[in-house]
Amino acid sequence: MKIVEREFGNYDGERVIEYTLTNDFGMSVSCLNYGCVITKIIVPDRNGHFENVVLGFDRFEDYLEWSPYFGAVIGRVAGRIKDARFELDGEEYLLAANDYPNHLHGGQKGFSSVIWKTEKIEQENVVGLKCFYRSLDGEEGYPGNLDTAVTYLLSNTNELSISYEARTDHKTLINLTNHSYFNLSGNLKRDCSEHILQLESDRFLELGLDLIPTGKMLESKNTPFDFNQGRFLLSGMKSSHPQIVLAGNGYDHPLLFKKSGENTIMLSDKESGRFLRVTTDQPCVVLYTSNQLEGPFSISGVRARNYLGVCLETQGLPDAIHHPGFPTVILHPEEVYYSKTKYRFFSNTIGV
Ligand code: FUC
């Protein structure tokens, strides 16, 4: 197993480094010290053909100009916070309204667009990168100095695990995730709409026109949100279900896992034979089918278009601070925030 480093760019006078972690079977994960961005994940298809299965740019400048959070760690709070404000212990906090009038994915300069300190991990059966970031009291409007560590570990079983840890010195909010856009066809050959998704979930959160949860939990049975038996993403994306239409003819919804504790999500692409099994300790996954990806830029030579990738954002419920019925995203000074999501890649004829 090995780690190779290369210069990727410069940001605010700091060097941007790309670290490529490779296991003994040739699978690799590349990531940056900027936003902990995963730039590439290279895994074999059923014929042993290695290709990239995430959306990412070859040039750092494209991340600054175009990236809709490609591969990045999102924090302090993933998703939207209504009206970019919240109250904690009678105190009102005003956040960056970067998705006016709401707050999105941690603000103007959230965890996805800052330089993290890094530490390489090289052990016998695992190779990885631990990233550290201290978010200062008041950053993007949030209270408390928050120390966060994100660890990427790649194993010889073709599993990438991402663990998140955080501590604060003042009551604050936290809900971290990774915003990778998966496309298992390999090197963006086909859209994610051809992927099959399976997970155990009976309810999802209804969204308002601003894409923020209304607070209502809807039943998924007999709707495009029922993935219990597995379904082609396309079958839901082309439906006229009002929630699908509202999200831009696709999914942008928190799906609530049926049980607490560990849950599994299975994503697969028939033609390449690639599978991705995601295991998480988080209560929901925000399923986003890149309904708003279209733009005047290219992603590794492919023109940006909607439905090119699918995000599986495992996390706490979005806008939880405004919904007392949702599990809390408040972090107290005496607590440690910890969460973990694992991504295991395999193919249906050969594998490790
Ligand atoms: C996702 C979505 C949003 C947004 C963004 C790029 O997580 O929930 O609607 O457009 O990321």
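Named according to an unreviewed UniProt entry, the chain is Aldose 1-epimerase originating from Neobacillus citreus. UniProt's Pathway (unreviewed entry) comment on the chain is quoted here verbatim: "Carbohydrate metabolism; hexose metabolism." One UniProt comment on the chain, placed under Catalytic activity (unreviewed entry), says "alpha-D-glucose = beta-D-glucose".

A. Looking closely at the overall build of the chain. A count of helices and strands for the chain gives three helices and 30 strands. Relative to a compact globule of 352 residues, whose C-alpha radius of gyration would be 20 Å, the chain shows 19 Å and is just as compact. For the C-alpha atoms alone, the extent of the chain along its principal axes is close to 60 × 50 × 40 Å. For the chain, the residues scored as buried account for 59% of the 352 residues in total. Contacts spanning at least 24 positions in sequence make up 66% of the contacts within the chain whose residues lie at least 6 apart.

B. Broad picture of the sheet that holds strand 12 (residues 126-135). Strand order in the open sheet formed by nine strands is 11-12-13-14-30-24-23-18-21, and the pairing between neighbours is antiparallel. The open sheet terminates on both sides in strands that have one partner only, identified here as strand 11 (117-122) and strand 21 (231-232). Here strand 18 (residues 196-199) runs beside strand 21; their pairing, made up of two bridges, is antiparallel. Bridge pairing in strand 21 links Ile196 to Phe232.

C. Quick look at the site of the ligand. Around the ligand lies a shell formed by Tyr69, Arg80, His105, His179, Tyr181, Leu211, Asp252, Tyr288, Gln292 and Glu313. For the ligand, an oxygen atom lies 3.2 Å from a polar atom in the side chain of Gln292. Between Glu313 and the ligand, the recorded distance is 2.9 Å, taken from a side-chain N or O atom to an oxygen atom. Calculation on the ligand without its partners gives an accessible area of 290 Å², and the protein chains cover 92% of this total. Of the residues belonging to the shell around the ligand, the class tally is four nonpolar, three polar and three charged.

D. Examining the side chain of Arg190 more closely. One can find Arg190 in the loop between strand 17 (181-182) and strand 18. What makes Arg190 buried here is its relative accessible area of 14%. A distance of 2.8 Å separates the side chain of Arg190 from the side chain of Asp269, its partner in a polar contact. Those residues within four positions of Arg190 in sequence are excluded, and the remaining contacts are Asn183, Ser185, Asp269, Glu271, Ser272 and Arg305.

E. A look at the UniProt feature "binding site: beta-D-galactose" (unreviewed entry) in the chain. As recorded in UniProt, the sites labelled "binding site: beta-D-galactose" (unreviewed entry) are His179, Ser180, Tyr181 and Asp252. These annotated residues cover 74 residues of sequence, and their C-alpha atoms all fall within 14.1 Å of one another, placing them together at a single site. Residue placement: Ser180 occurs in the loop between strand 16 (177-178) and strand 17. If near-sequence neighbours (up to four positions away) are discounted, Ser180 is found in contact with Ile38, Val54, Gly71, Val310, Cys311 and Leu312. Of the polar contacts made by the side chain of Ser180, one reaches the side chain of Asn178; its length is 2.7 Å. Secondary-structure assignment places Tyr181 in strand 17. On the basis of relative accessible area, Tyr181 is assigned to the buried category, the value being 2%.

F. Here's a closer look at the nonpolar core. Core analysis: the largest hydrophobic core is formed by 57 residues, its most contacted members being Ile41, Phe182, Leu312 and Phe345. Among residues more than four places away in sequence, those in contact with Phe182 are Ile41, Val53, Val54, Cys192, Leu267, Leu276, Leu308, Gly309, Val310, Leu312, Tyr343 and Phe345. The next biggest cluster of nonpolar side chains, apart from the first, holds 23 residues, and it includes Phe8, Leu55, Ile115 and Leu308.

Quick notes on the rules
Residues numbered from 1 in each chain as written. Predicted model: local features only at pLDDT ≥ 70, side-chain atom pairs only at ≥ 80, totals over all residues. Heavy atoms only, no water. UniProt positions renumbered as here; feature names shortened; annotations may be inferred. Helix = DSSP H or I, 4+ residues; strand = E, 2+ residues; numbered from the N terminus. Rg over C-alpha atoms; globule rule 2.2 N^0.38 Å. Buried < 20%, exposed > 50% of the residue type's maximum accessible area, 1.4 Å probe, protein only. Contact = heavy atoms within 4.5 Å. Pairing = 2+ DSSP bridges. Near = heavy atom within 4 Å. Polar contact = N/O pair within 3.5 Å; in protein donor to acceptor, adjacent residues only side chain to side chain. Areas by Shrake-Rupley, 256 points an atom, 1.4 Å probe, with all protein chains shown as cover. Nonpolar A, V, L, I, M, F, W, Y, C, P; charged D, E, K, R; others polar. Core = buried A, V, L, I, M, F, W, Y, C linked by side-chain atoms within 4.5 Å.

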